[in-house]
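Chain by chain, the residues run as shown.
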Amino acid sequence: MNETKKIQLEYSQMESDRMRLNVGPQHPSTHGVLRLEVEIDGEIVTEVIPHIGYLHRCFEKHCEKMTYPQVIPYVDRLDYISAMNNEWPYVMAVEKLLEIKVPEKVEYIRVIMAELNRIANHQIAVATFGLDAGAFTPFLYFFRDREYILWIMEKCSGARLLFNYFWIGGLAHDVYPSFKQEVLDAIKQVRKTNAEVMNLLIYNKIFIDRTANIGILPADVAINYACSGPTLRGSGVKWDLRKDDTYSIYNRFDFNIPVGKGEVGQLGDCWDRNIVRMYEMEESCKIIEQAVAQMPDTGDVKEAIPAKLRPPKGAEIYQRAENPKGELGFYVVSNGTEKPDRIKARGTSFVNLSVLPVISKGYMFADLILILGSIDIVLGEVDR
Amino acid sequence: MGETNFLIKLLGDNLITVLLISALPLGFLVVYALLAILGELKISAWMQERVGPMRTGWKGVLQPLAEVIKLIQKEDITPDAANKPLYNLAPYIVFTGAYAAFAVIPFSEFFVPSGINLGLFYIFAVGSIGAIGIVMGGWASNNKYTLLGAMRSVAQLISYEIPGAMAILSIAVLSSSLNMQEINKAQTGWFWNWFMFGGPGSYEKLWVIPFTLGLTLIYMIASLAETNRTPFDIPEGESELVAGYHTEYSGMKFAMFFFAEYANMFVVAAVLVTAFMGGWNSPFGSFLSGPLWGAFWFIGKSFFVIFVQIWLRWTLPRLRVDQLMYLGWKILLPVSFICFLFVSLFRMLN
Amino acid sequence: MLANEIYEILKKEFGDGILEFKEEAPSDPYISVEPSKIFDICHTLRDSSELMFDYLMCLSGLDLGESLGIVYHLYSFKHTHKIVIKTTVPKETPTLPSVMHLWRTADWHEREAFDLYGMIFSGHDNLIRILLPYDWEGYPMRKDYNEPEEYHGMRVPY
């Protein structure tokens, strides 16, 4: 009896050293050049300090030197996985400054493109999240299917990743004749693979064990940190800019906003954030089907493109749109010339990443990687 | 010893024969490793609806060879801050541990390199040498990732050796021998005589079949953990630990680790086949049986087990380290004890 | 709630702290306020039951020539209304209170504004550079910024 007591006493006096681990900037799972300074106690994470800026390309400074249309290719390079969605809030902001009414056909093509790109983005997000958990096969299934979407975009814009397709007042090119059919074929394939991945990965016992009940983000914390997109909806907040601050023609479509329900664990865990992306792909498919059915066949996509681009002096606007990752906003200030005075990009990933230190404390080191993966960041947008 | 080894019969018991016997598994191992790498590449490609490597040779069959050549000619980097003697020694120790186990694997009725009576015990003993090498390499690399990987690896190896050993011990009870060749001989006949299905016996063995099947499963799971394969590839989990204990290794030293992993895969498959799946016995009684057919059945069954390992790797995500420990200590260990108890009871009653 | 109603509420509460209200298409309507009062105004904006601005969409710095501007874009989940709050600080003494403890998201936004424009947010817990290297000198987004010739032996203009 005395002996056990003594051992316990000694154990409590033992000091365990904490280890500072530098995760990144070159690391397979930081999704780019992110550096996390992690303090671990054994395998438990006690502190996370993100160090960003390794991919800083002076986007905002560049914009001051460019004319309004020249900014679009730079905007593409923010969240390079969903470039169509990046261009949209920017061109919308400038269109609002110039008070341009965009033709009907352009609006429909923009919706279809943005939703296709949303699917492509979520495919990568779920795929890399699965890869972080160690499942390699769904990763390749998604990349195979993403090709169908990229082919469509390549045929329309000439580029596979950075499109420069949405122009101020219109589009760079009209769509090709078999466009509608190919879009419908692509979403058929997307649905097929999603059903397969649901079985193979999402409801896999090991995957649920790994991702449920970790990285819990309560709704009030998420709002305070201004999280948006699936990161916020995973916490059960039914908020989507397409519905709640509607823009373009989204009020014409019938779709749901999937939210996390805490189906397998606590509400707002990594699994919830991930499942929201899976359901959103299906909702995007629904929007695309409706848009393809309603889209007018005739119309000039370039008719509203202004020849002279000089927004009124002092005019300024903050335009936001629902990027696949969340709210992407552009604050555009004009000085009356053809070059903007100031463009501030409110990077979705930048804001969403700032919540990481809060939600990853106290979990294991392997969980940290999954929590980071579930936020779905792109470093191009974090560092700008 | 002599009667189980055709080379000794053929050439006599002298030094050259002994050297030949010890070199033969190495030759087999090289061929097998190339085949297994090709299998890994092609099976993963098939499961992921890709074609896999196609450019080297016919349908890419020479790809593993090309990879080996690449690894040999790569620059061998030793980190400045590494503890050089330990760093350089570690891959060889890991490989030695894996290769030493080949000494008692009965490839056929007439070929087992060393038919010692403590075969099973010996395999477990030398299997632990690898852990020393891993911890040596992980520590000597002087990198936090390798250190974490090595610690995880050793914790995993030690915890999963116990349920694995319990499963094998039950077979020792059933066959009343630790000699791998004797265990094989005890399972002669049709496939229902395998220890997986309770071993030879009539209807009264039926109630023990669930326990022996459970033991097979336990050994399969434990063997995955011992070879660091998915879903237990936590020591080298590339998503958090970059490459685990061999992060700093390159060139030939990395190839040794790689080689050792594939060698270990075969060893655990061979033990599984020997202990539970009849070893070199034909599944169909005396049909297609004989010394050469024995080698065929043994290697074929082992390859099937390796195929299952590859299959699982490309299907399942990875466990977390605490879940791994939970599974090992709280599920597999008690279950293996219960199975062991009932198998022993069965043995006592008969 | 419309922007002018929000202005009325704030005007009643803070009087001189509220400088100007402007609503002119196509720009967003904005309220410009005194920089020293920004924390109290934001506190009211966040906590008063009829305003409830719980979501800071964006916090941007601006170079207005002789002074620096800070723009807060706010949104309320409950009432789904938006407002823009603007304030200016002189370039020589660009100090204003931090709103980090009202909206945690302001943490990184303010660090970014500090990094690129050089505003000092008093009350911020960890006001260090975020996008640029920690030892960078100067504030590059200011219009009068001249880029250095060298950084640690690397030529900067390319």
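To keep things clear, this report deals only with the structure shown in the data block. None of these values were measured; they are calculated from a predicted model. (Residues numbered from 1 in each chain as written. Chains lettered and ligands numbered in written order. Predicted model: local features only at pLDDT ≥ 70, side-chain atom pairs only at ≥ 80, totals over all residues. Heavy atoms only, no water.)

**Brief notes about the overall build of chain B**
Here is step 1: Assigned secondary structure in chain B consists of 13 helices and zero strands.
Here is step 2: Along the chain direction, N to C, the helices and strands of chain B fall in the order α-α-α-α-α-α-α-α-α-α-α-α-α.
Here is step 3: Over its C-alpha trace chain B gives a radius of gyration of 20 Å, about what one expects of a compact globule, namely 20 Å for 350 residues.
Here is step 4: If one aligns the C-alpha atoms of chain B with their principal axes, the spans along those axes are about 65 × 50 × 45 Å.
Here is step 5: Across the 350 residues that make up chain B, the buried fraction comes to 54%.
Here is step 6: A sequence separation of at least 24 residues applies to 74% of the contacts in chain B between residues at least 6 apart. (Helix = DSSP H or I, 4+ residues; strand = E, 2+ residues; numbered from the N terminus. Rg over C-alpha atoms; globule rule 2.2 N^0.38 Å. Buried < 20%, exposed > 50% of the residue type's maximum accessible area, 1.4 Å probe, protein only. Contact = heavy atoms within 4.5 Å.)

**Focus: the packing of helix 9 (residues 209-226) of chain B against helix 13 (residues 321-349) of chain B**
How two helices pack is summed up by the angle between their axes together with the distance between the axes.
Residues and elements named next belong to chain B.
Here is step 1: For the pair helix 9 and helix 13, interaxial distance at closest approach is 9 Å and the crossing angle is 145°. Crossing geometry of helix 9 relative to helix 13 is assigned as left-handed. On helix 13, the residues that touch Phe 211, Thr 212, Leu 215, Ile 218 and Ile 221 of helix 9 are Leu 327, Leu 332, Val 335, Ser 336, Cys 339, Phe 342 and Val 343.
Here is step 2: Tallied by class, the residues present in the contact of helix 9 with helix 13 amount to ten nonpolar, two polar and no charged. (Axes fitted to C-alpha atoms, helices over the stretch in contact; angles between N-to-C directions. Left-handed = near helix turned anticlockwise from the far one by under 90°. Nonpolar A, V, L, I, M, F, W, Y, C, P; charged D, E, K, R; others polar.)

**Regarding unusual backbone geometry**
Here is step 1: Positive phi, close to 55°, is recorded for Glu 99 of chain A, a residue that is not glycine.
Here is step 2: Topologically, Glu 99 of chain A is positioned in the loop between helix 4 (83-98) and helix 5 (104-132).

**Section: helix 4 of chain A**
Here is step 1: Taking 1.5 Å of rise per residue, 16 residues should cover 22 Å, and helix 4 of chain A covers 23 Å from first to last C-alpha, within 8% of that figure.
Here is step 2: Burial runs high along helix 4 of chain A: 14 of the 16 residues are buried. (Expected span 1.5 Å × (residues − 1).)

**Overview of the sheet that holds strand 2 (residues 30-33) of chain C**
Residues and elements named next belong to chain C.
Here is step 1: As summarised here, the arrangement of the five strands in space is 1-2-5-4-3, forming an open sheet in which the pairing is mixed. The strands lining the two open edges of the sheet, one partner per strand, are strand 1 (18-22) and strand 3 (55-63). Adjacent strand axes in the sheet meet at a mean angle of 20°, parallel and antiparallel pairs treated alike.
Here is step 2: Two strands pair when backbone bridges link them, and strand 3 and strand 4 (residues 67-75) are joined in this way by eight bridges, in the antiparallel orientation. Within strand 4, the residue paired with Leu 62 across the bridge is Gly 69.
Here is step 3: Contacting strand 1, strand 2 and strand 5 (82-90), helix 1 (residues 3-14) runs over the sheet at an angle of about 170° to strand 1.
Here is step 4: Contacts between helix 2 (residues 38-47) and the sheet are confined to strand 1, strand 2, strand 4 and strand 5, with strand 5 contributing the most and set at about 170° to the helix. (Pairing = 2+ DSSP bridges.)

**Side note on the packing of helix 2 (residues 15-47) of chain B against helix 11 (residues 251-276) of chain B**
Residue and element names in this part refer to chain B.
Here is step 1: Where helix 2 contacts helix 11, the axes come no closer than 10 Å and their chain directions differ by 95°. Accordingly, the angle class assigned to the pair helix 2 and helix 11 is roughly perpendicular. Facing Phe 28, Leu 29, Val 30, Tyr 32, Ala 33, Ala 36, Ile 37 and Glu 40 of helix 2, the residues of helix 11 in contact are Phe 258, Phe 259, Tyr 262, Ala 263, Met 265 and Phe 266.
Here is step 2: Here the contact of helix 2 with helix 11 is composed, by residue class, of 13 nonpolar, no polar and one charged. (Parallel < 35°, antiparallel > 145°, perpendicular 65-115°, else oblique.)

**A word on the pattern of salt bridges**
Residue and element names in this part refer to chain A.
Here is step 1: A full pass over the atoms with the stated rule returns 46 salt bridges over all chains.
Here is step 2: Across the salt bridge formed by Glu 47 and Arg 20, the nearest N and O atoms sit 3.1 Å from each other. One end of the pair, Glu 47, is in strand 3 (residues 44-51); the other, Arg 20, is in strand 1 (residues 19-23), with 27 residues separating them in the sequence.
Here is step 3: Salt bridges sharing partners connect three or more residues here, namely Glu 115, Arg 118, Arg 233, Asp 240, Arg 242, Glu 280 and Glu 322. (Salt bridge = Lys/Arg side-chain N within 4 Å of Asp/Glu carboxyl O.)

**Quick word on the interface of chain A and chain B**
Here is step 1: Counting from both sides, the interface comprises 35 residues of chain A and, opposite them, 24 residues of chain B.
Here is step 2: Summed over both partners, the interface of chain A with chain B comes to about 2500 Å²; 59% of that surface belongs to carbon and sulfur atoms.
Here is step 3: Sorting the residues of chain A by area buried against chain B places Glu 43, Ile 206 and Arg 210 of chain A first, and these three jointly supply 19% of that buried surface.
Here is step 4: The interface formed by chain A and chain B contains three salt bridges.
Here is step 5: Between Asp 367 of chain A and Arg 320 of chain B there is a salt bridge whose closest N-O contact spans 2.9 Å.
Here is step 6: Viewed at the interface, chain B and chain A are joined by eleven residue pairs in polar contact (both at pLDDT 80 or more).
Here is step 7: Listed by contribution, the elements that provide at least two residues to the side of chain A that touches chain B are strand 1, helix 5, helix 6 (137-157), helix 7 (179-202), helix 8 (205-211) and helix 15 (365-375) of chain A.
Here is step 8: Class assignment of the residues belonging to the side of chain A that touches chain B gives a composition of 20 nonpolar, eight polar and seven charged. (Buried area = accessible area lost by both parts, 1.4 Å probe. Polar contact = N/O pair within 3.5 Å; in protein donor to acceptor, adjacent residues only side chain to side chain.)

**Some remarks on the interface of chain C and chain A**
Here is step 1: With 39 residues of chain C in contact, the opposing surface of chain A contributes 44 residues.
Here is step 2: Counting each side, the surface lost to burial between chain C and chain A is near 3400 Å², with a carbon and sulfur contribution of 56%.
Here is step 3: Counting every contact that joins chain C to chain A gives six salt bridges.
Here is step 4: There are 22 residue pairs in polar contact (both at pLDDT 80 or more) connecting chain C and chain A.
Here is step 5: At the level of secondary structure, the elements contributing two or more residues to the side of chain C that touches chain A comprise strand 3, strand 4, strand 5 and helix 3 (106-117) of chain C.
Here is step 6: Tallied by class, the residues present in the side of chain C that touches chain A amount to 23 nonpolar, six polar and ten charged.

**Description of the sheet that holds strand 3 of chain A**
Here is step 1: The antiparallel open sheet is built from three strands, whose spatial order is 1-2-3 (chain A). The two strands at the open ends of the sheet, each matched to only one other strand, are strand 1 and strand 3 of chain A. For this sheet, the mean angle separating the axes of adjacent strands, direction not counted, is 20°.
Here is step 2: In this fold helix 7 (residues 144-175) of chain B packs onto strand 1 and strand 2 (35-41) of chain A, with an angle of close to 110° to the strand it touches most, strand 1 of chain A.

**Overview of the packing of aromatic side chains**
Think of a pair of aromatic rings as described by two things: how far the centres are apart, and how the planes are tilted against each other in angle.
Here is step 1: Applying the stated criterion to the full structure yields 45 aromatic pairs over all chains.
Here is step 2: Judged by centre distance (5.6 Å) and plane angle (45°), the ring pair of Trp 239 of chain A and Tyr 75 of chain C falls under tilted. Residue Trp 239 of chain A is found in the loop between helix 10 (230-233) and helix 11 (241-244), and its partner Tyr 75 of chain C is found in strand 4; the two belong to separate chains.
Here is step 3: Each residue in the set Phe 28, Tyr 32, Phe 95, Tyr 99, Phe 102, Phe 259, Phe 266, Phe 298 and Phe 303 of chain B is aromatic and connected to the rest through ring pairs, giving one cluster.
Here is step 4: One cation-aromatic arrangement involves Arg 110 of chain A over Phe 166 of chain A; the distance from NZ or CZ to the ring centre is 5.4 Å.
Here is step 5: Across from the ring centre of Tyr 30 of chain C, 4.1 Å away, lies the NZ or CZ of Lys 86 of chain C, which sits over that ring. (Phe/Tyr/Trp six-rings, centres within 6.5 Å; stacked < 30°, edge-to-face > 60°. Lys NZ or Arg CZ within 6 Å of the ring centre and 35° of its normal.)

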